[in-house]
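# Remarks on the overall topology
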Amino acid sequence: MTIRVVVADDQELVRSGFAMILDAQEDIEVVAEAGDGAAAVAAVERLAPDVALLDVRMPVLDGIEACRAISAGGACRTVMLTTFDSDEYVYEALHAGASGFLLKDVRRDDLVHAVRVVAAGESLLAPSVARRLIEEYTAATVRAPALCSERLEVLTARERETLLHLGRGLSNAEIAAALVVSEHTVKSHVGNVLAKLGLRDRIQAVICAYETGLIAAGTPSGE
């Protein structure tokens, strides 16, 4: 099955370079290139690709807003690209619905891998990276955990445990060991957590674990 991709960046050389790398893969086809966020959203609506690569800073409509529109509009998943190594951009992109985040100096193989991983329905950021980001930015955002925690009432006790471990950055194998169950059972629990809470992927599950107060921001992994 071919992975169909839209590449959006206002710098033509960067955009063309990424497109050439991806198009050279047997299982990937770049179906459109866009020079701004609005054009990217239009291309996604017209062509229904599997993945959209979006530069964070683009004219007309920036990458974050384009990501938000694409995430709300259908099944296309997004990977954000930027030259700015700023956690704030990552946090904003994740809240907008992005499934991954890359710097533009990403290696060729890592770019291709990212597209394949995201197209397969997985998140790109390692759980430990997502955890670090959420700890920093949820600590700066005043919320009411007692109210937000009502979201978790739809989960069973075991599903809440699974979400807790997701928030701490554990892999499926590590969660299986912690719960003394099989990885297949963990996959089922993770799927239930995502479905019941309306979450797109594991990254959003990490965000949810912190925002609902299930894990306190700044709590070290394993506590």
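See above for the structure.
Just so we're clear, the structure is a prediction, and the values are computed from it rather than from any experiment.

## Here's the deal with helix H8 (residues 157-167)
Taken residue by residue, H8 has Glu159, Thr162, Leu163, Leu164, His165, Leu166 and Gly167 as its buried positions. Downstream of H8 by one or two residues, Gly169 has phi in the positive range, about 85 degrees.

## Comments concerning the side chain of Asp55
Mapped onto the secondary structure, Asp55 falls in strand S3 (residues 51-55). A distance of 3.3 Å separates polar atoms of two side chains, one belonging to Asp55 and the other to Lys104. Those residues in contact with Asp55 that sit more than four places away from it in its chain are Ala8, Asp9, Asp10, Gly63, Met80, Leu81, Thr82 and Lys104.

## Some words on the packing of H8 against helix H10 (residues 183-197)
Between H8 and H10, whose axes approach to 9 Å, the crossing angle comes to 95 degrees. Put simply, H8 runs roughly perpendicular to H10. Along the contact surface, H8 presents Arg158, Glu159, Thr162, Leu163 and Leu166, while H10 presents His189, Val190, Asn192, Val193, Lys196 and Leu197.

## Description of unusual backbone geometry
Even without a glycine there, the phi angle at Ala48 is positive, about 50 degrees. Judged by relative accessible area, which is 55%, Ala48 ranks as exposed. In this model, Val60 sits at a positive phi of 70 degrees, which is unusual for a non-glycine residue. If you trace the backbone, Val60 turns up in the loop between S3 and helix H3 (63-73).

## Points about the sheet that holds strand S1 (residues 3-8)
Read across the open sheet, the five strands follow the order S2-S1-S3-S4-S5; overall the sheet is parallel. In this open sheet, the two strands that pair with only one neighbour each are strand S2 (28-34) and strand S5 (100-103). Across this sheet, the average inter-strand angle for adjacent strands is 25 degrees, counted without regard to direction. As paired elements, S1 and S2 share six bridges and run parallel to each other. Within S2, the residue paired with Val7 across the bridge is Glu33. Contacting S1, S2, S3 and strand S4 (77-82), helix H1 (residues 12-23) runs over the sheet at an angle of about 165 degrees to S2.

## Considerations on the pattern of salt bridges
Summed over all chains, the structure comprises eight salt bridges. The salt bridge partner of Asp9 is Lys104, with a shortest N-O separation of 2.7 Å. Pair noted here: Asp9 is in the loop between S1 and H1 and Lys104 is in the loop between S5 and helix H5 (108-119), with a separation of 95 residues, a long-range link. The class for Asp9 is buried, based on a relative accessible area of 0%. Within this structure, Asp9, Asp55 and Lys104 form a network of salt bridges that share partners.

Criteria and cut-off values
- Residues numbered from 1 in each chain as written.
- Predicted model: local features only at pLDDT ≥ 70, side-chain atom pairs only at ≥ 80, totals over all residues.
- Heavy atoms only, no water.
- Buried < 20%, exposed > 50% of the residue type's maximum accessible area, 1.4 Å probe, protein only.
- Helix = DSSP H or I, 4+ residues; strand = E, 2+ residues; numbered from the N terminus.
- Polar contact = N/O pair within 3.5 Å; in protein donor to acceptor, adjacent residues only side chain to side chain.
- Contact = heavy atoms within 4.5 Å.
- Axes fitted to C-alpha atoms, helices over the stretch in contact; angles between N-to-C directions.
- Parallel < 35°, antiparallel > 145°, perpendicular 65-115°, else oblique.
- Pairing = 2+ DSSP bridges.
- Salt bridge = Lys/Arg side-chain N within 4 Å of Asp/Glu carboxyl O.

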